[in-house]
Amino acid sequence: MSTPDPQEEHRAAAGMGWTGLSLMFSGMAVYGGIGWVLDKFVVHRTLFLPIGLVVGIGLGIYMLYVRLVRMK
Amino acid sequence: MAADLVLGSDLVQGSEPHCKIFSGCGFPAPGLHSFHYEPLWAIEFGPFALTKPVLLVLIITVLIAIAITAAFRKAKLVPRGFQNIVELFYDFIRIGICRDVIGKGGEKWAPYLATLFLFIFFMNVMGIVPGAQIAPTSITAFTWPFAIMSYLIMWAVGIKHQGLGGYVKNALVPPGAPAWVLPILSPIELLSTFVFRPVTLAVRLFANMFAGHILILIFSVAAEYWLIPHIGAAVAGVSFAMVLVLTAFEFVVQILQAYIFTVLTASYIGEAMHGH
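To start, this report covers the structure provided alongside it. Computed from a predicted model, the values in this text were never measured in an experiment.

What follows deals with the overall build of chain B. A count of helices and strands for chain B gives ten helices and two strands. For chain B, the N- to C-terminal ordering of α and β elements is α-α-β-β-α-α-α-α-α-α-α-α. Taken along its principal axes, the extent of the C-alpha atoms in chain B is 70 × 55 × 40 Å. Buried residues in chain B amount to 45% of all 276 residues. Pairs at least 24 residues apart make up 67% of the contacts formed inside chain B by residues separated by at least 6 positions. Here chain B displays about 13,900 Å² of accessible surface, and carbon together with sulfur accounts for 76% of that area. Once the 14 positive and 13 negative side-chain charges of chain B are each reduced to a mean point, those two points are 16 Å apart.

The following block contains the structure:
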C-alpha cells in the first residue's frame, strides 16, 4: 500500500489504548459467547464460558500486538 | 429556581442548610444526582424539557453560527483579525487532520470536522465557564448523537467507496495478522469495528467530562464543608487550591478530548475510504 507515513502514524497514535480495550472486549464477547452457547446447549456445565472469555482476551491482546508491530 | 440556574442541583442541595463538618449532616458527596437538572420555567414537551444543559447547547450553537458568519462578512483575501484566527483554526483542521489523517479526498470533510471540533470543544469548555459550570458532554445523552453521526458517516463513506460487500470484507481483515489465523480473528475485528467504535467514541468523551466534573465538584463541596473557624479554613483553602489546579487540568482535557473525537472520526472516515 502506498499510504504516506505521517498518515499511518496519526491513525496509530490516536486512541491506541481504546482500540486495545475494544479488541479485548470484542474477543471476550465473541469467544465468551461461543463458549456460553456451547455450555448451554452441548455440555450443560460451566466449562467453556470462562475458557472462551480468557481465549477471547488473549486473542484481543494478540491482535493489538500485531497491529502495533505492523505500524512499527 | 434562579439558584438552580447558577449553581446546579447538587450545590443547591448542599447549600440549603449550609452543611459543614461536625454539624452532623455528613459529607454531601456529588454523584449522578449532580448531573440531574430540573426543567427551567416548567417548559416541558412530553419527554423533552428545556433544562440548563439543553439551554447551553442552544446558546453555543447560536454563538458559533453568529461568530463564524461574522468573521467572514467582509472577507479579505489577506485575512486580518478575527477572520485570521478562524482561518488559522480551519487550516489546522484541513491540513493537520483532513490531509494528514484521511489523505486523498479528505479535504471535503474539513467543514464537518471543523464544526464537530468547535461544537464539542465549546460544549466541553462550558464545564469550567463560571455561571454555566456544566459541560453538556458530561451527560451521556449528548455524546451518543455525536458518536452515532460519526458511525453513520463511516458506513455511508464505506459503502460509497468500497460497496457494501467490499467494505465489510475489507473490515474483516485485521491489519498485520498472518493469513492462516484470519478465521479466528475476523469475528473479533468485525465486532470491534462495527459495534465498539461508536460505543468507545461516545463513552470516551462522556467519561472524561463526567470524571472531570465530579473531581471539581468533590473539591468544591469539600472546601465549603470544611469552612469552619480556624483549622477547618486551612483544609478548605487547600481544597480550593485543588479546585484551581483541577480547573486548569480540566481545560487541557477538554481540548484534548475534542481533538481526539475529531481525529478518530477522521481516521474512521479515511479507513472507510481507502481500506486499512
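All names here are of chain B. Under the defined criterion, the tally for this structure stands at 16 aromatic pairs over all chains. When the centroid spacing of 6.5 Å and the interplanar angle of 75° are considered together, the rings of Trp 109 and Tyr 112 count as edge-to-face. Look at Trp 109 and you get buried, because its relative accessible area is 15%. Aromatic side chains Phe 117 and Phe 121 sit 6.4 Å apart centroid to centroid with 20° between the ring planes, which places their arrangement in the stacked category.

Turning to a nonpolar patch on the surface, a few remarks are in order. A contiguous nonpolar surface patch, about 590 Å² in accessible area, is contributed by Ile 34, Trp 36, Val 37, Leu 38, Phe 41 and Val 42 of chain A. Structurally, the position occupied by Leu 38 of chain A is in helix α2 (residues 16-43).

To continue, consider helix α6 (residues 140-162) of chain B. Residue and element names in this part refer to chain B. Taking 1.5 Å of rise per residue, the 23 residues of α6 would be expected to cover 33 Å, and the 33 Å separating its terminal C-alpha atoms lies within 8% of that figure. Here the buried face of α6 lies against α5 (110-125), α7 (164-172), α8 (182-194), α9 (196-225) and α10 (231-274). Backbone geometry just downstream of α6 places Gly 163 in the positive-phi region, at approximately 75°.

Our next topic: the interface of chain B and chain A. Contact residues are listed per partner, giving 31 residues for chain B and 21 residues for chain A. Here chain B packs against chain A, burying approximately 2,300 Å² in sum over the two surfaces, 67% of which is carbon and sulfur. Inspection of the region where chain B meets chain A yields one salt bridge. Close ionic contact of Glu 189 of chain B with Arg 67 of chain A constitutes a salt bridge, the shortest N to O distance being 3.0 Å. At the level of elements, α4 (81-102), α8, α9 and α10 of chain B are the ones that each hand at least two residues to the side of chain B that touches chain A. If one sorts the elements of the side of chain B that touches chain A by residue count, α8 of chain B sits on top with eight residues.

Let us now look at the state of the cysteines. All names here are of chain B. If you walk through the whole model with that rule in mind, you get one disulfide over all chains. The disulfide partner of Cys 19 is Cys 25, and the gap between their sulfur atoms is 1.7 Å. Linking Cys 19 and Cys 25, the disulfide has an S-S dihedral of approximately 100° and is accordingly described as right-handed. A relative accessible area of 8% places Cys 19 in the buried class. Residue class for Cys 25 comes out partly exposed when judged on its relative accessible area of 39%.

Here we take up α5 of chain B. Since there are 3.6 residues in each turn of an α-helix, residues three or four apart along the chain are aligned in direction. Between its terminal C-alpha atoms α5 of chain B stretches 22 Å, which fits the 22 Å expected from 16 residues at 1.5 Å a residue. Every buried residue belonging to α5 of chain B is among Ala 110, Leu 113, Ala 114, Leu 116, Phe 117, Leu 118, Ile 120, Phe 121, Met 123, Asn 124 and Val 125 of chain B, and all of these are buried.

This part takes up the environment of His 18 of chain B. Positionally, His 18 of chain B belongs in the loop between α2 (9-15) and β1 (44-45). For the pair His 18 of chain B and Ile 255 of chain B, spaced 237 residues apart in sequence, the C-alpha separation works out to 35 Å.

Together, Arg 73, Lys 74, Lys 76 and Arg 80 of chain B make up a region of like positive charge exposed at the surface. Overall, Lys 74 of chain B belongs to the exposed group, its relative accessible area being 68%.

Cut-offs used in this document
Residues numbered from 1 in each chain as written. Chains lettered and ligands numbered in written order. Predicted model: local features only at pLDDT ≥ 70, side-chain atom pairs only at ≥ 80, totals over all residues. Heavy atoms only, no water. Helix = DSSP H or I, 4+ residues; strand = E, 2+ residues; numbered from the N terminus. Buried < 20%, exposed > 50% of the residue type's maximum accessible area, 1.4 Å probe, protein only. Contact = heavy atoms within 4.5 Å. Areas by Shrake-Rupley, 256 points an atom, 1.4 Å probe, with all protein chains shown as cover. Lys, Arg positive; Asp, Glu negative; His and termini not counted. Charge placed at Lys NZ, Arg CZ, Asp CG, Glu CD. Phe/Tyr/Trp six-rings, centres within 6.5 Å; stacked < 30°, edge-to-face > 60°. Patch = residues over 30% accessible without salt bridge, like charges linked within 9 Å, V, L, I, M, F, W, Y side chains within 5 Å. Salt bridge = Lys/Arg side-chain N within 4 Å of Asp/Glu carboxyl O. Expected span 1.5 Å × (residues − 1). Buried area = accessible area lost by both parts, 1.4 Å probe. Disulfide = S-S within 2.5 Å.

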